[in-house]
Amino acid sequence: MAMSVGGDSTEKSISDINTTPLVDVMLVLLIIFLVTTTVAVQAVQLKLPEVRFDPTQTKPENVSLSVTTNADGSCAVYWNMTPVTSTELLDRGVAKLKAEIDRQGGPNAAGLELPEAHIRGDVNTPYKCIGGTIFTMQRAGFARVGFISEPPPGATTDRG
């Protein structure tokens, strides 16, 4: 054990903190976190579906809806070319579904094919408008609600 003895009485004791070990430890921790973060954040390997353009099979019993926003930002829904409110949309959907079921022989008819709702949404329409339309059509009893989109340029209809 070494000790400094004697010396001038005007000398001060050394009270500065040696920061070199602290910096060394922080650099080591930084490297560890940089390495382990890339290892810990891994994505599950998935094969995502390829986008294909399937032409829509338009049937006369299907419902065509268009959703956009008005100048004031409110939602605007069109049944074919007729603007409808959410209450009118629900009432028309229920009536359309009931009429189609009756036309095919009732709810217990063999081979009953229910109509679909096809929604075309403007690219700038908020999701709340489209989501509300989906919800309303599902409440009306439509089991199949689909979206009409524009195919990417150069898309083919091949099934590859």
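Conventions we followed
- Residues numbered from 1 in each chain as written.
- Predicted model: local features only at pLDDT ≥ 70, side-chain atom pairs only at ≥ 80, totals over all residues.
- Heavy atoms only, no water.
- Patch = residues over 30% accessible without salt bridge, like charges linked within 9 Å, V, L, I, M, F, W, Y side chains within 5 Å.
- Areas by Shrake-Rupley, 256 points an atom, 1.4 Å probe, with all protein chains shown as cover.
- Salt bridge = Lys/Arg side-chain N within 4 Å of Asp/Glu carboxyl O.
- Helix = DSSP H or I, 4+ residues; strand = E, 2+ residues; numbered from the N terminus.
- Pairing = 2+ DSSP bridges.

Chemist: Explain a nonpolar patch on the surface residue by residue, including any values.
Modeler: A cluster of nonpolar residues, Leu22, Val25, Met26, Val28, Leu29, Ile32 and Phe33, forms a patch on the protein surface that exposes about 670 Å² of accessible area. Summarising the element assignment, leucine 29 is placed in helix 1 (residues 20–40).

Chemist: Can you break down the pairing of strand 2 (residues 75–79) residue by residue, with the values?
Modeler: Here strand 1 (residues 63–69) runs beside strand 2; their pairing, made up of five bridges, is antiparallel. Across the sheet, residue leucine 65 finds its bridge partner in strand 2, namely tryptophan 79. Bridge analysis of strand 2 against strand 3 (residues 82–84) gives three bridges, and the strand direction is antiparallel. Within strand 3, the position partnered with tyrosine 78 by the bridge is proline 83. Count of turn residues in the strand 2/strand 3 antiparallel hairpin: two residues, of which asparagine 80 carries a positive phi of about 55°.

Chemist: Lay out the pairing of strand 1 with the relevant residues and their values.
Modeler: Note that strand 1 and strand 4 (residues 117–121) share five bridges and pair parallel. Paired with leucine 65 across the bridge in strand 4 is isoleucine 119.

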